[in-house]
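Coordinates in review
Chain residues, written in single-letter form:
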Amino acid sequence: MSKTELKPCPFCGAKPIVYAIGPHEHLIVDLPKFGGGYIVECALCNIGFSDETLEDALYAWNRRPNDDENS
C-alpha cells in the first residue's frame, strides 16, 4: 500500500477507506470485463473515486478544486 496520507472526505470530513477490486465479469448486466482497480471511498457518506492504479485513485481523492490555483 502507498504511504500517501489521505485527506478527510471533502463533504463530511470522515476518514476514507481504500480497497482493491479484482478483475471480474458482470454476469447479470451486459458490461465489459472489468480489469481490476482501486477505490478510495468515504467511510461515512460513501462518496468515492476509482481508478486502475492505486496512485491514481489516491491522487483523485486528495485533489481539491483550488489545487491548480495554488501551484
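The structure this text deals with has already been given above.
Cut-off values and rules
- Residues numbered from 1 in each chain as written.
- Predicted model: local features only at pLDDT ≥ 70, side-chain atom pairs only at ≥ 80, totals over all residues.
- Heavy atoms only, no water.
- Phe/Tyr/Trp six-rings, centres within 6.5 Å; stacked < 30°, edge-to-face > 60°.
- Helix = DSSP H or I, 4+ residues; strand = E, 2+ residues; numbered from the N terminus.
- Buried < 20%, exposed > 50% of the residue type's maximum accessible area, 1.4 Å probe, protein only.
- Arc of directions from axis to C-beta.
- Contact = heavy atoms within 4.5 Å.
- Disulfide = S-S within 2.5 Å.
- Patch = residues over 30% accessible without salt bridge, like charges linked within 9 Å, V, L, I, M, F, W, Y side chains within 5 Å.
- Areas by Shrake-Rupley, 256 points an atom, 1.4 Å probe, with all protein chains shown as cover.
- Salt bridge = Lys/Arg side-chain N within 4 Å of Asp/Glu carboxyl O.

1. Focus: the packing of aromatic side chains
With the rule as written, the count across this model stands at one aromatic pair. Seen from their ring centres, Phe49 and Trp61 are 6.2 Å apart, and the 80° between their planes marks the pair as edge-to-face. Residue Phe49 is located in strand S3 (residues 48-51), and its partner Trp61 is located in helix H1 (residues 54-62); the two are separated by 12 residues in the primary sequence. Of the residues examined, Phe49 reaches a relative accessible area of 35% and is grouped as partly exposed. For Trp61, a relative accessible area of 0% translates into the label buried.

2. A word on H1
By the burial criterion, the buried members of H1 are Leu54, Ala57, Leu58, Trp61 and Asn62. Along the axis of H1, the buried residues cluster in a sector spanning 125°; they form a single face. Turned more than 90 degrees away from the buried face of H1 sit Glu55 and Tyr59, all of them exposed. Each element contacted by the buried residues of H1 is listed here: strand S1 (16-21), strand S2 (37-42) and S3.

3. Some words on the state of the cysteines
Considering all chains together, one arrives at zero disulfides under this definition. Take Cys9: it sits in no disulfide, and the sulfur closest to it among the cysteines is that of Cys45, at 3.6 Å.

4. Topic: unusual backbone geometry
With a phi angle near 70°, Asn46 is a residue other than glycine that sits in the positive phi range. Mapped onto the fold, Asn46 is located in the loop between S2 and S3.

5. A few points about a nonpolar patch on the surface
Together, Leu27, Ile28, Val29 and Leu31 make up a nonpolar patch on the protein surface, roughly 500 Å² of accessible area in all. Looking at the element boundaries, Ile28 is found in the loop between S1 and S2.

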